[in-house]
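# Summary of structural features
Below, each chain spelled out in residue letters.
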Amino acid sequence: MHRLLLASVLFASFAAQAQVKVDDPWVRATVAPQKATGAFMQLTSAKPAKVVAASSPVAAMVEIHEMKMDDGVMKMRAVDALPLPAGQAVALKPGSYHVMLMGLKKPVQVGDTVPLTLTVEGEDKQRTTVEIKAEVRSR
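So, here is what we can say about the structure in this document. (Residues numbered from 1 in each chain as written. Predicted model: local features only at pLDDT ≥ 70, side-chain atom pairs only at ≥ 80, totals over all residues. Heavy atoms only, no water.)

## As for the pairing of strand β3 (residues 49–55)
- Bridge count for β3 against strand β6 (residues 82–84) is three bridges, and the pairing is antiparallel. Counted as the bridge partner of K50 is P83 from β6. (Pairing = 2+ DSSP bridges. Helix = DSSP H or I, 4+ residues; strand = E, 2+ residues; numbered from the N terminus.)

Pasting the structure below:
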């Protein structure tokens, strides 16, 4: 019975994670003494959902940010959630939505891999996590 329960939990966890596809995750390289950088990727959810949180062991604080023009000035701000419409790719890219890593514990260098965890909430209010390994790049 214990094995069946464990298998069911693992399958449910895998199925939930499979609902959000992550393409081309990467993090911008930093130089000392830089303490912040951005992570970028493309997210596609099979069902309507939203990213409600993010974390990484390499940073003290991780937030979902958006950049947009406001009275002719580009401004960046944290958002409470990033909507993921069913079947539509959402690009997290420079100058737009992105994951902001702040309070870096050390510089991230080209070739490093940065672990990220996104918390995704479905319409049913159930939350799942998506584990990502993002390559550090110079661009």
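## Overview of the pattern of salt bridges
- This structure, assessed with the given rule, holds eight salt bridges.
- Among the ionic pairs, R137 bridges to D24, the shortest N-O distance being 2.5 Å. Placement of R137 in strand β10 (residues 127–137) and of D24 in strand β1 (residues 20–28) is noted, with a sequence separation of 113 residues between them.
- Relative accessible area serves as the criterion here: at 17%, R137 is assigned to the buried category.
- Among the residues examined, D24 registers a relative accessible area of 42% and is labelled partly exposed.
- Taking the shortest distance from any N to any O, the salt bridge between K75 and D70 comes out at 3.4 Å.
- According to the relative accessible area criterion, K75 is partly exposed, its value standing at 41%. (Salt bridge = Lys/Arg side-chain N within 4 Å of Asp/Glu carboxyl O. Buried < 20%, exposed > 50% of the residue type's maximum accessible area, 1.4 Å probe, protein only.)

## Section: the packing of aromatic side chains
- For the structure on display, the rule yields one aromatic pair.
- With 4.7 Å between their ring centres and 40° between their planes, W26 and F40 make a pair best called tilted. Of the two residues, W26 sits in strand β1 while F40 sits in strand β2 (residues 36–45), which places them 14 residues apart along the sequence. (Phe/Tyr/Trp six-rings, centres within 6.5 Å; stacked < 30°, edge-to-face > 60°.)

## Points about unusual backbone geometry
- That bond from A32 to P33 is cis: its omega, 5°, falls within 30 degrees of zero.
- Assignment of secondary structure puts P33 in the loop between β1 and β2.
- Despite not being glycine, D24 shows a phi value in the positive range, around 50°.
- Its identity as a non-glycine residue notwithstanding, D71 has a phi of 55°, on the positive side.

## Some words on the pairing of strand β4 (residues 59–70)
- Here six bridges tie β4 to strand β8 (residues 98–104), and the two strands are oriented antiparallel to one another. Residue pairing across strands places H65 opposite H98, the latter belonging to β8.
- Pairing of β4 with strand β5 (residues 73–78) involves six bridges; the strand directions are antiparallel. Residue pairing in the sheet places M69 in a bridge with M74 of β5.

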